[in-house]
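Each chain, letter by letter, is given below.
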Amino acid sequence: MNIILLGPPGAGKGTQAKRLTEKYHIPQVSTGDMLREALKEGSPLGLEAKKYMDQGGLVPDEVVIGLVKERIQKPDAGNGYMLDGFPRTSGQAKALDKILEQLGQKIDHVVSIEVPSSELLGRLTGRRTCRACGAGFHLMYDPPKKEAICDKCGGELYQRSDDNESTVKSRLETYEAQTKPLIEYYQNQGKLRRINGVGSMNEILARIQAVLE
Ligand code: ADP
Ligand code: ZN
């Protein structure tokens, strides 16, 4: 099963993708995670990507298309995959359709996680992640017992460098202008499955599972 998770920054795509990979045993393919990984390794690609990410803009299409094309041909993606944060522009969506055609594959469902835009800024700026184990917290919705310390492993919590208020505002504008039109693109392909993204993480997971099964 090949799935795309679509939605604005802060919709909870990453959180749900992680849970869905456990249920369906297909990997999460997150372009954001791949770019952050490249940056951590200090690769030229990562350093180049950081310029766009820190401004809340998008990394050029050719770059992310290349990453995804390579990633979905790895052995662990043989039974399917879950694209998280890709495609994000109509150029990426069209390139993906071409790649899938070449590979003899298709997307089964495009899960669009919908959250009112008024809620997104607070969700993103309150987000914190453990440096040691990667666990996610939220200062308001899922606060750690001790500020800046991970409940699970005692590691240090940090804020992603693009989760500050001004970068978040740019990311939301980028989403409206460049990514939102993909909803219609996939609606026209008959693949769009709209999910209400307001509720507990378990409620939203159940809604997604209901449309996948
Ligand atoms: P979020 O969905 O919360 O904005 P991501 O982790 O998916 O966060 O992405 C972080 C940043 O990485 C984006 O703001 C963008 O700069 C870059 N990025 C991720 N995926 C793509 C993509 N498909 N195309 C272009 N840039 C991307
Ligand atoms: Zn931890």
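Residues numbered from 1 in each chain as written. Chains lettered and ligands numbered in written order. Predicted model: local features only at pLDDT ≥ 70, side-chain atom pairs only at ≥ 80, totals over all residues. Heavy atoms only, no water.

*Asks:* I'd like a description of unusual backbone geometry, backed by residues and values.
*Replies:* Note: most peptide bonds trans; most residues except glycine with negative phi. Cis rather than trans, the peptide bond between Phe86 and Pro87 has omega equal to -5°. Following the sequence through the fold, Pro87 ends up in the loop between β3 (81-84) and α5 (90-103). If you check the backbone angles, His25 has positive phi at about 55° while not being a glycine. By the secondary structure assignment, His25 is in the loop between α1 (13-24) and β2 (28-30). One non-glycine residue, Ala148, lies in positive phi territory at about 70°. With respect to the helices, strands and loops of the structure, Ala148 is situated in the loop between β6 (136-138) and β7 (157-158). (Helix = DSSP H or I, 4+ residues; strand = E, 2+ residues; numbered from the N terminus.)

*Asks:* Summarise the coordination of the zinc ion (ligand 2); cite the residues concerned and give the values.
*Replies:* Within the protein, the zinc ion (ligand 2) binds to Cys130 (SG), Cys133 (SG), Cys150 (SG) and Cys153 (SG); these donor distances fall in the range 2.3 to 2.4 Å. Around the zinc ion (ligand 2), the four donor atoms are arranged such that angles at the metal cover 101 to 114°; this shape is classified as tetrahedral. Among the residues examined, Cys133 registers a relative accessible area of 43% and is labelled partly exposed. (Donors = N, O, S within 2.8 Å, 3.2 Å for Na, K, Ca; no water. Tetrahedral: all angles 85-135°; square planar, octahedral: opposite > 155°, others 65-115°. Buried < 20%, exposed > 50% of the residue type's maximum accessible area, 1.4 Å probe, protein only.)

*Asks:* Describe the sheet that holds strand β1 (residues 2-6), with residues and values.
*Replies:* What the five strands build is an open sheet, ordered β2-β3-β1-β4-β8; its pairing is parallel. Two strands bound the open sheet, and with one partner strand each, they are β2 and β8 (192-196). Neighbouring strand axes in the sheet, compared pairwise and without regard to direction, differ in orientation by 25° on average. Sitting on the sheet, helix α9 (residues 201-212) is in contact with β1, β4 (109-114) and β8, with an inclination near 160° to β8. (Pairing = 2+ DSSP bridges. Axes fitted to C-alpha atoms, helices over the stretch in contact; angles between N-to-C directions. Contact = heavy atoms within 4.5 Å.)

*Asks:* Could you give an account of the pattern of salt bridges, with specific residues and numbers?
*Replies:* Pairing between side chains becomes possible if they bear opposite charge and their charged atoms approach one another. Under the definition given, this model contains 14 salt bridges. The partner of Lys51 in a salt bridge is Glu48, with the nearest N and O atoms 3.0 Å apart. With Lys51 and Glu48 both in helix α3 (residues 44-54) and three residues apart, this pair spans about one turn of that helix. Note on Glu48: relative accessible area 33%, which makes it partly exposed. Across the pair Arg171 and Asp162 runs a salt bridge whose closest N-O atoms are separated by 3.9 Å. Residues joined in a network through salt bridges with shared partners are Arg127, Arg160, Asp162, Asp163 and Arg171. (Salt bridge = Lys/Arg side-chain N within 4 Å of Asp/Glu carboxyl O.)

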